[in-house]
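If you want the building blocks of each chain, they are given just below.
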Amino acid sequence: MAIIFVRTVVIFITVLIVMRLMGKRQIGEMQPYELVITLVISELACIPMGDPSIPLVYGLMAILTIYFLHQAICLIDLKWNAGKKLVSGSPNIVINKNGIDDAELKKNNLDVSDLIESLRIEGYFSLDAVDYALYESEGTFSALPKPDYENLQNSLPIIIIDEGQFDEKNVALTKRDKAYYLDILKGQGCDELKNVLVLTVDGNGKVYLQQKGKKYVVLNLQWEESLW
Amino acid sequence: MVKTLTSIFISFIVLFGISIFEQKFVNDTFALFTQAVLSLHDKTEAKTATFEDGTAIRSLWEEKKKSLQIWLPHTALQEVDYQLYEAVGFICVKDYESALPKIEVVLGMCDNIPYSYTFHIENIL
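Please read all numbers here as calculations on a predicted model, not as lab measurements. (Residues numbered from 1 in each chain as written. Chains lettered and ligands numbered in written order. Predicted model: local features only at pLDDT ≥ 70, side-chain atom pairs only at ≥ 80, totals over all residues.)

### What to know about the overall build of chain B
Phase 1: The number of helices and strands found in chain B is 5 helices and 0 strands.
Phase 2: Reading the helices (α) and strands (β) of chain B from amino to carboxyl end gives α-α-α-α-α.
Phase 3: Rg of the C-alpha trace for chain B: 19 Å, well past the compact-globule value of 14 Å for 125 residues, more than 25% over.
Phase 4: Seen through its C-alpha atoms, chain B measures out along the principal axes to roughly 70 × 25 × 20 Å.
Phase 5: The proportion of buried residues among the 125 residues of chain B is 22%. (Helix = DSSP H or I, 4+ residues; strand = E, 2+ residues; numbered from the N terminus. Rg over C-alpha atoms; globule rule 2.2 N^0.38 Å. Buried ≥ 20, exposed ≤ 12 C-beta atoms within 10 Å, placed from the backbone.)

Shown next as structure tokens:
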């Protein structure tokens, strides 16, 4: 039984470490350790249930070990901040006053399109509509909108350049070519496409441009007509 | 907080207690069974073992197996069944030379099975 105890602890800690390393992409509305418990406990319950040659006490022992670990982690969560950060992680601020924090996104194996998707789910369609956005430790997304954010999203923005790469389909939607956007980049002092973190444009010609490691800029291209 | 601490303490005590009990129970049971098998081995070597000696060992094993199955996988115990029954069969027809290797195997398993489930790093990994 001591073997079952140690094996369960080892498997639990290994799965927990892997979940933490995978970042917030892999979890949703559960702390990493809660997700690990959910994953592991069903298997532990099923194996002795489905195989009569394995003593039931093996499953019970492993499940009791999971309970013990859960309670121990709850105690760490409550009483030890550094331990809580280690086990559950901490919120990651992915949008701040300077725009998108690329490094924070990468830490969680996320990219700009994932961030834009999360913003849309929360009802923010324009990157400049929020002052701050963050992924909570359990993987949910929160955003603090600008006071007048509703006026900033009159038309749906689409991604033209995502991490140094043109989205050909979206470029065509704007009835412009790549050279048009490269000129815009040059005008903003960006000579290389690979330095662009994101460039979005909405139907009215409002551009959100962020170069890697720089503050974002919002431009108005003064299109003659609204495209969508 | 107190509730959490209490639950941690109780669950640890239960886990620790079960582990200690299991190790002791399995070791003691196999130690007792080994003694019985050793005496059968000596008798078989001396060619004085009878069918009654064999069935007595078999009954002892059947009785012990019932409680061992709570703690050990049944497949680990089935091999003892197989070897022991064969040995008793050979003793029944007084084929001691064939029975002896089977009893040796049973004795080996009496050492190996409890060891496989004791707290050693090679058993954990």
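### A short note on the pairing of strand 7 (residues 196-201) of chain A
Residues and elements named next belong to chain A.
Phase 1: Counting buried positions along strand 7 gives 6 out of 6 residues, so the element sits mostly inside the fold.
Phase 2: As judged from the 4 bridges shared by strand 5 (residues 158-162) and strand 7, these two strands associate in the antiparallel manner. Within strand 7, the residue paired with Ile161 across the bridge is Leu199.
Phase 3: As paired elements, strand 7 and strand 8 (residues 206-211) share 5 bridges and run antiparallel to each other. Bridging from a neighbouring strand, Val198 pairs with Gln210 of strand 8.
Phase 4: Once strand 7 ends, the chain turns through 4 residues before running back antiparallel as strand 8, passing Gly205 with a positive phi of about 90 degrees. (Pairing = 2+ DSSP bridges.)

### What about the domain arrangement of chain A?
Phase 1: Annotation of chain A at the domain level lists domain 1 (2-88) and domain 2 (92-220).
Phase 2: Each of domain 1 of chain A and domain 2 of chain A has a C-alpha centre, and the two are 38 Å apart. (Domains from an automatic or database assignment.)

### Quick look at the sheet that holds strand 3 (residues 130-135) of chain A
Residues and elements named next belong to chain A.
Phase 1: One open sheet accounts for 4 strands, arranged 2-1-3-4; its pairing is antiparallel. Where the open sheet ends on each side, the last strands, each with one partner, are strand 2 (99-100) and strand 4 (141-145).
Phase 2: Direction of pairing for strand 1 (residues 92-96) relative to strand 3: antiparallel, over a ladder of 3 bridges. Bridge pairing links Ile93 to Leu134 in strand 3.

### A look at the environment of Phe5(A)
Phase 1: Tracing the backbone shows Phe5(A) in helix 1 (residues 2-22).
Phase 2: For the pair Phe5(A) and Met19(A), spaced 14 residues apart in the sequence, the C-alpha separation amounts to 21 Å.

### Looking at the pairing of strand 5 of chain A
Residue and element names in this part refer to chain A.
Phase 1: In the sheet, strand 5 pairs with strand 6 (residues 165-166) via 2 bridges, with the strands oriented antiparallel. Bridge pairing links Asp162 to Gln165 in strand 6.
Phase 2: Between strand 5 and strand 6, which pair antiparallel one after the other, the connecting turn spans 2 residues, and Glu163 there sits at a positive phi close to 50 degrees.

### A short note on the confidence of the model for chain A
Phase 1: Summarising the model, chain A shows a mean pLDDT of 88, and 97% of its residues fall at 70 or more.
Phase 2: In the model of chain A, helix 1 of chain A stands out as the element of lowest mean pLDDT, 80, in contrast to strand 2 of chain A, which has the highest, 96. (pLDDT = per-residue confidence, 0-100.)

### Observations regarding the interface of chain B and chain A
Phase 1: Facing 22 residues of chain B, the contacting portion of chain A comprises 20 residues.
Phase 2: Listed by contribution, the elements that provide at least two residues to the side of chain B that touches chain A are helix 1 (2-45), helix 2 (51-71), helix 3 (74-92) and helix 5 (121-124) of chain B.
Phase 3: Tallying contributions element by element places helix 1 of chain B first for the side of chain B that touches chain A, with 10 residues.
Phase 4: Counted by class, the side of chain B that touches chain A contains 13 nonpolar, 8 polar and 1 charged residues. (Contact = placed C-beta atoms within 7 Å. Nonpolar A, V, L, I, M, F, W, Y, C, P; charged D, E, K, R; others polar.)

### Notes on the nonpolar core
Residues and elements named next belong to chain A.
Phase 1: Within the largest apolar cluster, 26 residues are counted, with the highest numbers of intra-cluster contacts made by Val94, Ile100, Leu115, Val198 and Leu199.
Phase 2: It is strand 7 that provides the largest number of residues to this core, a total of 5 residues.
Phase 3: For Leu115, the residues in contact, after removing those within four places along its chain, are Val94, Ile100, Leu105 and Leu110. (Core = buried A, V, L, I, M, F, W, Y, C linked by C-beta atoms within 7 Å.)

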